[in-house]
Amino acid sequence: MRSPIVPIIGFLTGIIILAGYFVPSPVLEAIRTPMLDWAVILSGVAGLIAIFHLVFGVHGRRLRDPEKSHVFSFIVILVFMLTVAAGIFFGINHTGFQKVVTAIQMPMETSLMAVLAVTLAYSSLRLLQRQRNWMGFVFFIAVVLYLLVNSGIFALVTDITALRGLVAGISQAPLAGARGILIGVALGSLLTGIRILIGSDRPYNS
Amino acid sequence: MNSLEMNIGLILLIIITFTLFFFSIRQRRTGKAPSFRRITAISNFKRSIGMSIEDGTRIHVSLGNASLTQAVSASAFASLKILRKIGELSSNSDNPPVASSGDGALALLSQDTLHDVARETHTLELFQSENGHLAGPTPVTNVVGALQTIADPEVHTNVLIGNYGSEVGFLSTASQDKGALTIAASDSLTAQATFFATVEQTLIGEELFAVPAYLHNEPMQNASLRIQDMLRGLVVLVLLVGVILKLVYAL
């Protein structure tokens, strides 16, 4: 049988944090602020543990596995060790260290995003092959329409009052759709939060 | 927010919580589960889990980049619930599911979830800590790390559920190109648009939060989805009334 202690601690902590949000009380504030600070610190420690697990657990194991490719794992471990050693030796605020890290990481991430733009454009072209339904058709038409609207091609007709209103109205339509989706997501998030608060969903091993 | 808005929020929260308990207890007493509309992507998802168990292939669950200390953490908790169910359903398989994530705390929770499932289903001998791991600490490195898992020949199903940016297009495209069954859902608008353009089975908007109810059939999950639908209806009604009143006022 599962121990009820962990869910009870989770419930009480959640109630205190929530009460501190709704009821402006100095006592609740004094309890709430350090608790949130602890959460941030614990999250940071968890991040550190997960990184060490990734490097030495996942990639270390792949290096020992004769059936798997070793090149990528070897590079990950080597670069991680070098970065940690340089960070400890120079300090993380050292200008040269930061420059080296950003000079490698930033161009690589930017290049990947550039490749992504091409990949997504190609995938969008294949969209009608995959989604042979009215939703796919509407999505495709919407993509073409908003590409045209946002390209500024309709700037030529904005002198005509009726067309200006029409173009402005079309430009606003995605915002309405986005709000609709976001309202749904917010309601889902609210219910998920309540389920976790009352201990129905337990994302922890108790 | 002013105090009036705060009070309305608090009252709504209390009402929703009590309604949740009410529907949940009622289902427990009557034993009747409510029927929800059919979502093709979830039906295919269930089928693909069954096929994966039969074939002895592995399911990869990518949990996204959501930090647990931020507002977007709800999608991460929903994806953990889905991971648990996938783990339970595939407990007969020789290949337990593998979970990758872009946040340290989320990675540890995914490992914990898989360990808990292995303990409950008496399959601890199959559990490896690498089955729940951090793919990368930033959105792009997470994608690069998860690409390796997608490329694994044992993986035939990819479930991309959580908070992402447009970089998730790499994962969805790689999975589709490999011919693996791909199920995708996100709370982010950018990721949803990317998924719609690249994946066949996409869940839109709040459907991400509906998956646990469709997979679990637990009274609390069903009650939660029912209230979610009711609240959505209420919001639509309020918006429509607002529009009509504004029109009347303008005339």
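Being a predicted model, the structure only gives us computed values, none of them experimental.

Colleague: I tried to follow helix H7 (residues 161-197) of chain A on my own but got confused; where do I start?
Modeller: Residues lying three or four places apart along an α-helix face the same way, a consequence of the helix completing one turn every 3.6 residues. Under the 1.5 Å per step criterion, the end-to-end length of H7(A) is 53 Å for 37 residues, consistent within 8% with the ideal 54 Å. Residues of H7(A) that are buried make contact with helix H1 (5-22) of chain A together with helix H1 (3-30), helix H3 (73-89), helix H7 (189-198), helix H8 (207-216) and helix H9 (219-250) of chain B. In the stretch just after H7(A), Gly199(A) is the one whose phi turns positive, near 85°.

Colleague: What am I meant to see in the sheet that holds strand S4 (residues 155-163) of chain B here?
Modeller: Each strand in a sheet pairs with its neighbour through backbone hydrogen bonds, running either in the same direction (parallel) or in the opposite one (antiparallel). Residue and element names in this part refer to chain B. The six strands lie next to each other as S3-S2-S1-S4-S5-S6, forming an open sheet whose pairing is parallel. Looking at strand neighbours, the two that pair on one side only are strand S3 (132-134) and strand S6 (201-203), the edges of this open sheet. Neighbour-to-neighbour, the strand axes of the sheet open up by a mean angle of 15°, direction not taken into account. In terms of strand pairing, S4 meets strand S5 (residues 181-186) through six bridges, oriented parallel. Bridge pairing in S5 places Ile161 opposite Ala185. Seen against the sheet, helix H4 (residues 104-120) touches strand S1 (58-64), strand S2 (98-101) and S3 and runs at an angle of roughly 170° to S3. On top of the sheet, helix H6 (residues 169-178) reaches S1, S4 and S5; it is set at about 160° to S4, its chief contact.

Colleague: Looking at this structure, I do not really get the pairing of S5(B). What am I missing?
Modeller: Residues and elements named next belong to chain B. For S5, the tally of buried residues reaches five of six residues, placing the bulk of the element in the interior. In this view, the connection linking S4 to its parallel neighbour S5 by way of H6 has right-handed handedness. By the bridge criterion, three bridges tie S5 to S6 in an arrangement that is parallel. When the sheet's bridge partners are listed, Ala185 is paired in S6 with Leu203. In this fold, S5 hands off to H7, which returns the chain to S6; that crossover is right-handed.

Colleague: Would you take a moment to explain the layout of surface pockets for this structure?
Modeller: Gaps between atoms show up when a probe of the same size as a water molecule is rolled over them. Put simply, the second largest pocket is a space of about 1300 Å³. In terms of lining residues, the second largest pocket is bounded by 37 residues, among which Val79(A), Phe80(A), Thr83(A), Gln105(A) and Thr141(B) are the most central. Per-element tally for the lining of the second largest pocket: the top contributor is helix H3 (residues 71-90) of chain A, with 10 residues. Of the residues in the lining of the second largest pocket, the class split is 24 nonpolar, 11 polar and two charged.

Colleague: What exactly am I supposed to notice about the domain arrangement of chain A here?
Modeller: Many authors give the size of an interface as the accessible area that is lost as the parts come together. Segmenting chain A into domains produces domain 1 (1-90) and domain 2 (126-199). For domain 1 of chain A versus domain 2 of chain A, the distance between C-alpha centres works out to 36 Å.

Colleague: Hey, could you run me through empty space enclosed by the protein in this one?
Modeller: Residue and element names in this part refer to chain B. Overall, the coordinates contain one cavity of 30 Å³ or more when judged by the stated rule. There is about 120 Å³ of room inside the largest cavity. Taken together, 14 residues form the lining of the largest cavity, with Pro96, Pro97, Leu114, Ala118 and Thr123 sitting closest to its centre. With three residues, H4 is the largest single contributor of residues to the lining of the largest cavity.

Colleague: Can you walk me through unusual backbone geometry in this structure?
Modeller: Trans is the prevailing form of peptide bonds, just as negative phi is the prevailing case for residues other than glycine. Positioned with a positive phi, His122(B) is a non-glycine residue whose angle comes to about 55°. Within the secondary structure, His122(B) sits in the loop between H4 and S3.

Colleague: It is not clear to me how the packing of H1(A) against H1(B) should be interpreted in this structure. Could you clarify?
Modeller: A packed helix pair is summarised by two numbers, namely the angle formed by the two axes and the spacing between the axes. Following both chains from N to C, one finds H1(A) and H1(B) inclined at 150°, their axes separated by 10 Å at the closest point. Facing H1(A), whose interface residues are Leu18(A), Tyr21(A) and Phe22(A), H1(B) presents Met6(B), Gly9(B), Leu10(B) and Leu13(B). For the contact of H1(A) with H1(B), the class distribution of residues is six nonpolar, one polar and no charged.

Colleague: Teacher, can you tell me more about the interface of chain A and chain B here?
Modeller: Every contact between the two is made by 60 residues of chain A and, on the other side, 73 residues of chain B. The interface formed by chain A and chain B includes two salt bridges. Here chain A is connected to chain B by six residue pairs in polar contact (both at pLDDT 80 or more). Breaking the side of chain A that touches chain B down by element, the ones donating at least two residues are H1, helix H2 (26-64), helix H4 (95-125), helix H5 (127-130), helix H6 (134-151) and H7 of chain A. Residues belonging to the side of chain A that touches chain B are distributed by class as follows: 33 nonpolar, 17 polar and 10 charged.

The rules behind the values
- Per chain, the residues get numbers from 1 upward, laid out in the order the sequence is written.
- Here chains are named by letter from A upward and ligands by number from 1 upward, in the order in which they appear as written.
- Only residues with pLDDT of at least 70 are given local features in this predicted model, and only at 80 or more are side-chain atom pairs given and counted; all residues enter the totals for whole chains, interfaces and linings.
- Side-chain numbers come from the whole structure's heavy atoms, not from hydrogens or water.
- Comment: elements are numbered from the N terminus, with helices defined as DSSP H or I runs of at least four residues and strands as E runs of at least two.
- To estimate the expected span of a helix, subtract one from its residue number and multiply by 1.5 Å.
- Working rule for contacts: check all heavy atoms of both residues, and any pair within 4.5 Å makes them a contact.
- Should DSSP find at least two bridges between two strands, the strands are taken to pair.
- All axes are obtained by fitting lines to C-alpha atoms, using only the stretch in contact for helices, and the reported angles, taken between N-to-C directions, cover 0 to 180 degrees.
- Note on exposure labels: buried denotes an accessible area under 20% of the residue type's maximum, exposed denotes more than 50%, and partly exposed covers the range between, all computed with a 1.4 Å probe on protein chains only.
- If the strands point away from the viewer and the path from the first strand over the helix to the second runs clockwise, then the crossover is right-handed.
- Of the two site types, the cavity is a set of points on a 1 Å grid over the protein atoms alone where a 1.4 Å probe fits but cannot get out, and the pocket is an open set with protein on both sides within 12 Å along at least five of seven lines, each lined by residues with an atom within 4 Å of a point.
- Grid points are joined across faces, edges and corners, and a volume is the space filled by probe spheres set on the points.
- The nonpolar class holds Ala, Val, Leu, Ile, Met, Phe, Trp, Tyr, Cys and Pro. Asp, Glu, Lys and Arg form the charged class, and all remaining residues, Gly among them, are polar.
- Boundaries between domains were set according to an automatic or database domain assignment.
- The salt bridge definition used is simple: a Lys or Arg side-chain nitrogen within 4 Å of an Asp or Glu carboxyl oxygen.
- Nitrogen and oxygen atoms within 3.5 Å of one another constitute a polar contact, given that in protein one can donate a hydrogen and the other can accept it, and given that sequence-neighbouring residues count only through two side-chain atoms.

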